[in-house]
Amino acid sequence: MGQLYIKHFLKVFRMRLLAAVILSLSFAFHPFLASAQSLSPDDSGTFGRFDAHTRAAQTAHGFNIISGPPALLREGQRAFLFDVRPGDCGGNDCREDRERVERVDRSGSRPRDEHWYAWSLRLADDFPFIRPTNTTLGQFKQEPQGCEVAGIGIESRGLFFYNKLCAANGEATYMIDKPFISLAAARGRWIDFMVHSNWSADSDGFLDFYVDGRLIASHRGRVVYNNRDEVTFRFGIYRSFVSRYTGNTGNPVPRQWAIYDNVRRGDTRGSVEIQR
């Protein structure tokens, strides 16, 4: 009788312990979210504040400002946490086979003005590879064109930076298409990005891309569609052609989460670059 009671007690104890561990993992960010929810991000340079993308999924988990733990902060006291799960879409994205949680700079950048941009990215330790669905981690877009002009994507080569122009038929001309790190090497660590640009549709345009302070790719010449419309920066997690992954695997596209910090725009490299 005593042995049966002990076995039962141990079984119940193990079940409660497992439940407690799962609960603690589920709310690992909770104290940091609660303390930082009403706070502004750290210095964003000339960007100012950021708005939610109009098509971003409206969920409690999708976007939060966190104040820790320290390993999840690149610099300063706060960072942006993005979390996209199956079915996280808003507006036309739900009809157009897309899911996203993104923030957009309010001010935009005028063409033919020289700008420096910086942002730091930390992918989750288990950030999944979801091709043939596309994943975009930060993009520059010139409205009203439907195609981004630059950004960071993920494919079989790993993370890559691109500068492209799309034609009316959907075909793209790439000025830059540069892989710079494998997905395995990118997971669970901070990566610091910088872009130096003159968003011009003429020969005076240029675009330089830096990773961890090192120049990775450059283009001289046309980099945008026109010299009229502003270029906006969007960052977070954007997934397009979601059904491709589901059609290939029979499963929903898995959860992806990432943290951004040090999202800045400025007039000089020194005004945006993180101190390493």
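Structure: see above.
Residues numbered from 1 in each chain as written. Predicted model: local features only at pLDDT ≥ 70, side-chain atom pairs only at ≥ 80, totals over all residues. Heavy atoms only, no water.

Undergrad: Any chance you could explain the overall build of the protein chain here in plain terms?
TA: A count of helices and strands for the protein chain gives 4 helices and 14 strands. Taking all 276 residues of the protein chain together, the buried fraction comes to 50%. Contacts in the protein chain between residues far apart in sequence, at least 24 positions, make up 68% of those at least 6 positions apart. Looking at the protein chain as shown, the accessible area adds up to about 13500 Å², and 53% of this sits on carbon and sulfur atoms. (Helix = DSSP H or I, 4+ residues; strand = E, 2+ residues; numbered from the N terminus. Buried < 20%, exposed > 50% of the residue type's maximum accessible area, 1.4 Å probe, protein only. Contact = heavy atoms within 4.5 Å. Areas by Shrake-Rupley, 256 points an atom, 1.4 Å probe, with all protein chains shown as cover.)

Undergrad: Teacher, can you tell me more about the state of the cysteines here?
TA: Two cysteines form a disulfide when their sulfur atoms are joined by a covalent bond. Taken as a whole, this structure holds 1 disulfide when the rule is applied. There is a disulfide in this structure between Cys89 and Cys94, and the S-S distance comes to 2.2 Å. Its torsion about the S-S bond being 110°, the disulfide of Cys89 and Cys94 is classed as right-handed. We classify Cys89 as partly exposed; its relative accessible area is 23%. (Disulfide = S-S within 2.5 Å.)

Undergrad: Just to check I follow, could you spell out the sheet that holds strand 2 (residues 63–66) for this structure?
TA: Strand pairing in a sheet relies on backbone hydrogen bonds. The paired strands run either parallel or antiparallel. Pairing is antiparallel in the open sheet, where 7 strands are placed in the order 2-3-14-5-10-11-12. Looking at the sheet topology across the chains shown, the edges are occupied by strand 2 and strand 12 (214–220). For this sheet, the mean angle separating the axes of adjacent strands, direction not counted, is 25°. With 4 bridges joining them, strand 2 and strand 3 (residues 79–84) adopt antiparallel strand pairing. Its bridge partner lying in strand 3, Ile66 is registered against Ala79. (Pairing = 2+ DSSP bridges. Axes fitted to C-alpha atoms, helices over the stretch in contact; angles between N-to-C directions.)

Undergrad: I tried to follow unusual backbone geometry on my own but got confused; where do I start?
TA: Negative phi values dominate among residues other than glycine, just as trans dominates among peptide bonds. Residue Pro69 follows Gly68 across a cis peptide bond; omega there is 0°. Within the secondary structure, Pro69 is located in the loop between strand 2 and strand 3. The peptide bond linking Arg131 to Pro132 adopts the cis configuration, its omega dihedral lying at 15°. Tracing the backbone through its elements, the reader meets Pro132 in the loop between strand 5 (114–123) and strand 6 (134–142). Unlike most non-glycine residues, Asp97 shows phi in positive territory, near 65°. The residue Asp97 is located in the loop between strand 3 and strand 4 (98–105) in this model. Taking relative accessible area as the criterion, Asp97 reaches 25% and is therefore assigned partly exposed.

Undergrad: Is there a simple way to think about the pairing of strand 9 (residues 172–181) in this case?
TA: Where a strand is regular, its side chains alternate between the two sheet faces. Two elements, strand 8 (residues 158–166) and strand 9, share 8 bridges in a ladder whose sense is antiparallel. Bridge pairing in strand 9 places Cys166 opposite Ala172. In textbook terms, the turn of a hairpin is the stretch between consecutive antiparallel strands, and for strand 8 and strand 9 this stretch comprises 5 residues, one of which, Gly170, has a positive phi near 95°.

Undergrad: How should the packing of aromatic side chains be read in this particular structure?
TA: Enumeration over the complete set of coordinates arrives at 26 aromatic pairs. On the basis of an interplanar angle of 85° and a centroid distance of 6.0 Å, the ring pair of Phe50 and Phe80 is categorised as edge-to-face. With Phe50 in strand 1 (residues 50–52) and Phe80 in strand 3, this pair connects stretches of sequence that are 30 residues apart. Residue classification places Phe50 among the buried residues on the basis of a relative accessible area of 8%. Measuring from ring centre to ring centre gives 5.8 Å for Trp116 and Tyr210, while their planes differ by 35°; the resulting arrangement is tilted. (Phe/Tyr/Trp six-rings, centres within 6.5 Å; stacked < 30°, edge-to-face > 60°.)

Undergrad: Can you help me understand the pairing of strand 12 in this one?
TA: In terms of strand pairing, strand 11 (residues 206–211) meets strand 12 through 6 bridges, oriented antiparallel. Bridge pairing in strand 12 places Leu207 opposite His219. Turn length for the strand 11-strand 12 hairpin, with the two strands adjacent in sequence and antiparallel, is 2 residues, and the turn residue Asp212 shows positive phi of about 50°.

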